[in-house]
Amino acid sequence: MPTRRERARPVTPPLAARPMAYALDSLSRQDPLAVVQSCHSTLLGLLRRQQGRPIKRLWIDHPYGEEELALLEEELLPAMEQFLVRVGEIDAAIEAAADRASEISSAA
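Scoring rules and cut-offs
- Residues numbered from 1 in each chain as written.
- Predicted model: local features only at pLDDT ≥ 70, side-chain atom pairs only at ≥ 80, totals over all residues.
- Heavy atoms only, no water.
- Phe/Tyr/Trp six-rings, centres within 6.5 Å; stacked < 30°, edge-to-face > 60°.
- Lys NZ or Arg CZ within 6 Å of the ring centre and 35° of its normal.
- Helix = DSSP H or I, 4+ residues; strand = E, 2+ residues; numbered from the N terminus.
- Patch = residues over 30% accessible without salt bridge, like charges linked within 9 Å, V, L, I, M, F, W, Y side chains within 5 Å.
- Areas by Shrake-Rupley, 256 points an atom, 1.4 Å probe, with all protein chains shown as cover.
- Salt bridge = Lys/Arg side-chain N within 4 Å of Asp/Glu carboxyl O.
- Buried < 20%, exposed > 50% of the residue type's maximum accessible area, 1.4 Å probe, protein only.
- pLDDT = per-residue confidence, 0-100.
- Contact = heavy atoms within 4.5 Å.
- Expected span 1.5 Å × (residues − 1).
- Core = buried A, V, L, I, M, F, W, Y, C linked by side-chain atoms within 4.5 Å.
- Axes fitted to C-alpha atoms, helices over the stretch in contact; angles between N-to-C directions.
- Parallel < 35°, antiparallel > 145°, perpendicular 65-115°, else oblique.
- Left-handed = near helix turned anticlockwise from the far one by under 90°.
- Nonpolar A, V, L, I, M, F, W, Y, C, P; charged D, E, K, R; others polar.

1. Side note on the packing of aromatic side chains
Considering all chains together, one arrives at zero aromatic pairs under this definition. In this arrangement the basic side chain of Arg57 is found over the ring face of Tyr64, its NZ or CZ atom lying 4.8 Å from the centre.

Structure, rendered in structure tokens:
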């Protein structure tokens, strides 16, 4: 029999069924840096699918055309990639430090 707390817990729909903003909010609460990875992957996929066709923007009247798409590819994607490389370096340094600390404590 479920506990009172389990009964009170709302059922969460699958990630694909939730609005993107909600999914990103949830992801950012778990791992804020993963939001950039998610946005990078989504942007790459979007640019591949659009194949140069304009991308409609919800809060401005003018869609992103050829010039704006070029800016995304030439400026935004490389900046996101640099960010992700640096995060990877920081993560690797943290893991290496944790491994060293584990080795020291195991040797003692």
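2. Considering the environment of Ala79
Position of Ala79 relative to the elements: it lies in helix H4 (residues 66–107). As for Ala79 and His40, which are separated by 39 residues in sequence, their C-alpha atoms are 9.9 Å apart.

3. Some thoughts on a nonpolar patch on the surface
On the surface, a nonpolar cluster with roughly 410 Å² of combined accessible area is contributed by Leu58, Trp59 and Ile60. By the element assignment, Trp59 lies in the loop between helix H3 (34–50) and H4. A relative accessible area of 64% places Trp59 in the exposed class.

4. Structural notes on the confidence of the model for the chain
Averaged over every residue, the pLDDT of the chain is 81; the share at 70 or more is 75%. Mean pLDDT values for the elements of the chain range from 48 in helix H1 (residues 4–8) up to 93 in H4. Every residue in residues 5–18 is under pLDDT 50, and counting partners more than four places away or in other chains gives six contacts.

5. A few points about H4
The end-to-end C-alpha distance of H4 is 60 Å, a good match for the 62 Å that 42 residues give at a rise of 1.5 Å each. For H4, every residue scored as buried is listed here: Leu69, Leu72, Leu77, Met80, Leu84 and Val87. Packing partners of the buried residues in H4 comprise H3.

6. Remarks on the nonpolar core
By size, the foremost hydrophobic cluster in this structure holds seven residues: Leu43, Leu47, Ile55, Leu69, Leu72, Leu77 and Met80. The set of elements that each furnish at least two residues to this core consists of H3 and H4. When residues of this core are assigned to their parent elements, the largest contribution, four residues, is made by H4. Once residues lying within four places of it in the same chain are set aside, the contact partners of Leu69 are Leu47, Gly52, Arg53, Ile55 and Tyr64.

7. Quick notes on unusual backbone geometry
Phi is positive for Gln51, which is not a glycine, with a value near 45°. In this fold, Gln51 is placed in the loop between H3 and H4. For Gln51, a relative accessible area of 66% gives the class exposed.

8. Here's the deal with the packing of H3 against H4
Look at H3 against H4: their axes get within 10 Å of each other, and the N-to-C directions meet at 150°. Classified by the angle their axes make, H3 and H4 are roughly antiparallel. Note that H3 runs across H4; the crossing there is left-handed. When H3 is examined against H4, the residues Val36, Gln37, Cys39, His40, Leu43, Leu44 and Leu47 are found in contact with a partner set consisting of Leu69, Leu72, Glu73, Leu76, Leu77, Met80, Glu81, Phe83 and Leu84. Within the contact of H3 with H4, the residues separate by chemical class into twelve nonpolar, two polar and two charged.

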